Amino acid sequence: MSSSLEKNMLILRSSDGEEFIVPEVVAVMSKAIKNMVEDECASNTIPVPNVDANILAMVIEFCKKHDESEAEAASDLKTFDSEFVNRGQEALYDLITAANFRDVKELLDALCQNVAEMIKGKSVHHIRIQFLGYQLFEILTSNFIWNIWCDRDFD
Amino acid sequence: MAEDQTLMSEDDERASPSDLGGDTKPRGCAVAGEYVSPFPDQVLENVLENVLLFLTSRRDRNAVSLVCKSWYRAEALTRSELFIGNCYAVAPRRVTERFRQVRAVTLKGKPRFADFNLMPHNWGAHFAPWVTAMGYHYRALEKLCLKRMSVKDEDLELLADSFPYFKELVLVCCDGFGTSGLAVIANKCRQLRVLDLIEDEVTDDEIDWISCFPEGETCLESFIFDCVECPIDFEALEQLVARSPSLKKLRLNRFVNIGQLYRLMIRAPQLTHLGTGSFSPSEIAAQGDHQEPDYVSAFAACKSLVCLSGFREIIPDYLPAIYPVCANLTSLNFSYANINAEQLKSVICHCLKLQIFWVLDSVCDEGLQAVAATCKDLRELRVFPIDASEDSEGPVSDVGLRAISEGCNKLQSILYFCQRMTNAAVIAMSNNCPDLVVFRLCIMGRHRPDHITEEPMDEGFGAIVKNCKKLTRLAVSGLLTDKAFSYIGEYGKLVRTLSVAFAGDSDTGLKYVLEGCSMLQKLEIRDSPFGDSALHSGLHHYYNMRFLWMSSCRLTRQGCKEIAQQLPRLVVEVINGDGEVEVKDDCVDILYMYRSLEGPRSDAPISVTIL
């Protein structure tokens, strides 16, 4: 398959074995992949472990858009980003993991900004429930008391 | 409980420093087999510092830091803007140990009543220990804002020497320094963009400080010195303005006359904010009959001007000069301009976009009616008294307040000094201005009732807390019974700051407030009949508050002592306002108390006793 591949194209193989043919310029928006390409430790087919086809497709969609739209208005791209990252928590976390470990800076920034938006205006209690998924902190331990104190004074 | 503790320790383990440290991202050629799928909450931890780059508000930051220990650490590593509401609540060392990357600091010192000479001048709030600590740990500091701090010339010198990237200095209501300190800042902070001196008490060291800015083009964007009560070297100022192409905000002191103002405006037509200085001619110019500059065209040329203040020694004949800019103004400060209703009307009728307006009560109810008729976008109004004495006549009243409420429905903030008020006018405002966030009504004569019905002002203030659902700041005055306070306790659920002067009739009043206002942060009370039992009713809440001030109330030292014993994290200061050693047996002149991580401070003067 790799022999028939056009120049400047790469194949990415997801953890569940699906293959995606993408332009190299798009693929190397992942620093991790870029390093592999530069270090020549990759054949034309690059395995992307721990990222399943579903998430990999999303990452590729994002990178393609960002590659194409260099000339496009920044505001359009912003709209795309905010729509792109607006997903359920599970997909969001998978995307963050993928973006973080594959080192895709633009995507990671967009995702992190989205998380920040979710935190804004929330109480400590709500942040814990939403992001940590449990409520153990309802009981304050003495260790943590001084932090509480401290933060009131930065308010 | 046991289960919770187990979970807690698990959390502690996962929050090992390696989760947060710099290089957590695996590089290319990672071997697939090593990878372990992270816990859901660890996904966020891995990128938390990146998330925090997008969180800047201090409320959000504080919330994040309290989520768990690892979030606390990540937050501390990435906070670049620091706000400290009370300089005695935390010590500089604790701050610099926790936050390492700070670029901007806001620090507040004395309580607000210090502005009214209610506390000894040497009370404290010294900047020195802070600048010493920050100079050592925060070399990258760029911005500093101090409010009601005691700042010495040496502190300013240390500041100028410590922060090579320093860009913004804002001093509000500070004292203790002079023009020689300013000279050092001007001379040494080469990248200075903002030097804002606002209502400071600055000593005249007879030094030509404005000449101390270095030669060549400056980075100045904002230069505010209207509070500096010293003659200035005008030639130096003119040259400074000429070589500051980025200057957008300039507020002159009263020693700059209107002829000099003209010369500055010609040089800086790009200004957006302007404080005019005296707005009267020099004595020589006033006597001579030479031709006056064309002030109108100078103002007309300042097409970007949106904010106008100054007018410190105004000669109203010159007011027509500002007509050309009125249509663009969003902010106009006439709080030093002794002008009458007619003079105000000639200006205000052009000010259709005005959002912030400060004025003296010399404009009378009639002037306020003109404001109400024109300024439909008004958000903030402050009306100051020209004569603040208790038995002055008071040229503005319920008539002006009612007119404003009817004309300016977008009003969010009002400060209103008067002598005569009615419940009906205040109720009208509560209905007409539902967006009010700040309502400060000061009826200057003590214990004045509704001047028409002779009833207490209870219902008026009651309507404000009932109808203005966004209210966070309230100042009450006039004849008030416990009923007013019961309304505040019942409805003032968002009130964070409450000021009470010469009001209330028993301890019950304050109890309502302390039991009801769960968001209360700052409570300042003077000359009101509240005693120990009222004070004790707030025990459950004092740790939540930034401070409580009570002066000339009915507190005993014993009562205050009991609070101090029951709440060990509270610093309870008993102050003799005259600055003398506290001698009176059991009567407390001033109580000022605040929570603190550090316990009693060591720099209290002799007039302060910490219980």
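Residues numbered from 1 in each chain as written. Chains lettered and ligands numbered in written order. Predicted model: local features only at pLDDT ≥ 70, side-chain atom pairs only at ≥ 80, totals over all residues.

Q: Tell me about the overall build of chain A, residues and numbers included.
A: The helix and strand inventory of chain A stands at eight helices and three strands. The buried share among the 155 residues of chain A stands at 34%. When contacts within chain A are restricted to residue pairs at least 6 apart in sequence, those whose partners lie at least 24 apart make up 61%. (Helix = DSSP H or I, 4+ residues; strand = E, 2+ residues; numbered from the N terminus. Buried ≥ 20, exposed ≤ 12 C-beta atoms within 10 Å, placed from the backbone. Contact = placed C-beta atoms within 7 Å.)

Q: Please set out the overall build of chain B residue by residue, giving values where relevant.
A: The secondary structure content of chain B amounts to 22 helices and 23 strands. Along the three orthogonal principal directions, the C-alpha set of chain B runs to about 90 × 65 × 50 Å. Burial analysis of chain B (611 residues in total) assigns 46% to the buried set. Contacts in chain B between residues far apart in sequence, at least 24 positions, make up 74% of those at least 6 positions apart.

Q: Describe the sheet that holds strand 3 (residues 45–48) of chain A, and please don't skip the residues or the numbers.
A: All names here are of chain A. Taken in spatial order, the three strands line up as 2-1-3 in an open sheet, and their pairing is mixed. Sheet topology places strand 2 (19–23) and strand 3 at the edges, where each strand pairs with a single neighbour. Adjacent strand axes in the sheet meet at a mean angle of 30°, parallel and antiparallel pairs treated alike. Across four bridges, strand 1 (residues 9–14) lies against strand 3 in parallel orientation. What sits directly across from Leu 12, in strand 3, is Ile 46. (Pairing = 2+ DSSP bridges. Axes fitted to C-alpha atoms, helices over the stretch in contact; angles between N-to-C directions.)

Q: Lay out unusual backbone geometry with the relevant residues and their values.
A: Among all residues except glycine, the phi angle is most often negative; among peptide bonds, the trans geometry is most common. Of note in this structure, Asn50(A) is not a glycine but carries a positive phi near 65°. Counting through the fold element by element, Asn50(A) comes out in the loop between strand 3 and helix 3 (53–68). The backbone of Cys173(B) sits at a positive phi, close to 55°, despite the residue not being glycine. As for its placement among the helices and strands, Cys173(B) is situated in the loop between strand 4 (168–172) and strand 5 (177–178).

Q: Describe in detail the environment of Lys376(B), supporting the description with residues and values.
A: Residue and element names in this part refer to chain B. One can find Lys 376 in the loop between helix 15 (364–374) and strand 14 (380–384). For Lys 376, a count of 13 C-beta atoms within 10 Å puts it in the partly exposed group. As for Lys 376 and Pro 111, which are separated by 265 residues in sequence, their C-alpha atoms are 35 Å apart.

Q: Tell me about the environment of Thr132(B), residues and numbers included.
A: All names here are of chain B. As for its placement among the helices and strands, Thr 132 is situated in helix 6 (residues 128–137). With 14 C-beta atoms packed within 10 Å, Thr 132 lands in the partly exposed category. Through-space distance from the C-alpha of Thr 132 to that of Pro 92 is 8.8 Å; in sequence the pair is 40 residues apart.

Q: I'd like to hear about the nonpolar core, residue by residue, with values.
A: Ranked by size, the top nonpolar core spans 178 residues in total, and within it Ile185(B), Ile404(B), Val426(B), Ile488(B), Leu591(B) and Met593(B) carry the most contacts. Two domains each provide a minimum of three residues to this core, namely domain 2 (330–467 + 475–479) and domain 3 (489–611) of chain B. In contact with Val426(B), other than residues within four places in its own chain, are Met421(B), Leu441(B), Gly460(B), Phe461(B), Ala463(B) and Ile464(B). If you look at the next biggest cluster of nonpolar residues, it comprises 50 residues, including Met58(A), Ile119(A), Leu44(B) and Leu55(B). (Core = buried A, V, L, I, M, F, W, Y, C linked by C-beta atoms within 7 Å. Domains from an automatic or database assignment.)

Q: Help me get a handle on the packing of helix 6 of chain B against helix 7 (residues 153–162) of chain B, residues and values and all.
A: Residue and element names in this part refer to chain B. Two numbers describe how helix 6 lies on helix 7: the axes approach to 10 Å, and their chain directions differ by 10°. Relative to helix 7, helix 6 is oriented roughly parallel. Viewed along their axes, helix 6 and helix 7 form a crossing whose handedness is left-handed. Seen from helix 6, the contacting residues are Ala 128, Val 131, Thr 132 and Gly 135; seen from helix 7, they are Asp 155, Leu 158, Leu 159 and Ser 162. Considered class by class, the residues forming the contact of helix 6 with helix 7 number four nonpolar, three polar and one charged. (Parallel < 35°, antiparallel > 145°, perpendicular 65-115°, else oblique. Left-handed = near helix turned anticlockwise from the far one by under 90°. Nonpolar A, V, L, I, M, F, W, Y, C, P; charged D, E, K, R; others polar.)

Q: How would you summarise the pairing of strand 3 (residues 143–147) of chain B if you had to cite specific residues and measurements?
A: All names here are of chain B. Summarising burial for strand 3: four of the five residues are buried, a large majority. With five bridges joining them, strand 2 (residues 104–108) and strand 3 adopt parallel strand pairing. For Leu 107, the partnering residue across the bridge sits in strand 3 and is Leu 146. Between the parallel pair strand 2 and strand 3, the chain is carried across by helix 6, and the sense of this crossover is right-handed. Here strand 3 runs beside strand 4; their pairing, made up of five bridges, is parallel. Residue pairing in the sheet places Lys 147 in a bridge with Val 172 of strand 4. Tracing the backbone out of strand 3, into helix 7 and back to the parallel element strand 4 gives a crossover that is right-handed. (Right-handed = clockwise from strand over helix to strand, strands pointing away.)

Q: Please provide a residue-by-residue account of helix 7 of chain B, values included.
A: Residue and element names in this part refer to chain B. Of all the residues in helix 7, the buried ones are Asp 155, Leu 156, Leu 159 and Ala 160. End-on view of helix 7: buried residues confined to an arc of 135°, all on one side of the axis. Of the surrounding elements, those touching the buried residues of helix 7 are helix 6, strand 5 and helix 8 (179–188). (Arc of directions from axis to C-beta.)

Q: How would you explain the domain arrangement of chain B if you had to name every residue and give the values?
A: What the domain assignment lists for chain B is domain 1 (41–79), domain 2 (330–467 + 475–479) and domain 3 (489–611). Domain 1 of chain B and domain 3 of chain B are separated by 35 Å when their C-alpha centres are compared.

Q: A description of the pairing of strand 2 of chain B should follow, citing residues and the corresponding values.
A: All names here are of chain B. As judged from the four bridges shared by strand 1 (residues 81–84) and strand 2, these two strands associate in the parallel manner. Looking across to strand 2, one finds that Phe 83 is bridged to Thr 106. Traced from strand 1 through helix 5 (residues 92–98) to strand 2, the parallel crossover comes out right-handed.

Q: Please provide a residue-by-residue account of the packing of helix 16 (residues 398–407) of chain B against helix 17 (residues 423–432) of chain B, values included.
A: Any two packed helices are characterised by the angle at which their axes cross and by the distance between the axes. All names here are of chain B. Relative orientation of the contacting elements helix 16 and helix 17 amounts to 15°, with a least axis distance of 9 Å. With respect to helix 17, the element helix 16 is oriented roughly parallel. Crossing hand, helix 16 versus helix 17: left-handed. Every residue of helix 17 that contacts helix 16 at Asp 398, Leu 401, Arg 402, Ser 405 and Glu 406 is listed here: Ala 425, Ala 428, Met 429 and Asn 432. When the residues that make up the contact of helix 16 with helix 17 are grouped by side-chain class, the tally is four nonpolar, two polar and three charged.

Q: If you had to explain the environment of Thr556(B) to someone new, which residues and values would you point to?
A: With respect to the element layout, Thr556(B) can be found in the loop between strand 20 (547–551) and helix 22 (557–566). With near-sequence residues (within four places) excluded, Thr556(B) lies in contact with Asp532(B), Asp586(B), Cys587(B) and Val588(B).

Q: Requested: an account of the confidence of the model for chain B, with residues and values cited.
A: This prediction gives chain B a mean pLDDT of 90; 91% of its residues lie at or above 70. Below pLDDT 50 for its whole length, residues 1–35 of chain B participates in 42 contacts with residues either more than four positions away or in separate chains. (pLDDT = per-residue confidence, 0-100.)

Q: For the confidence of the model for chain A, give the residues involved together with the corresponding values.
A: For chain A, the mean per-residue pLDDT works out to 79, and 77% of the residues sit at or above 70. Scored below 50 in pLDDT, residues 137–143 of chain A makes seven contacts in the model with residues more than four places away or belonging to other chains.

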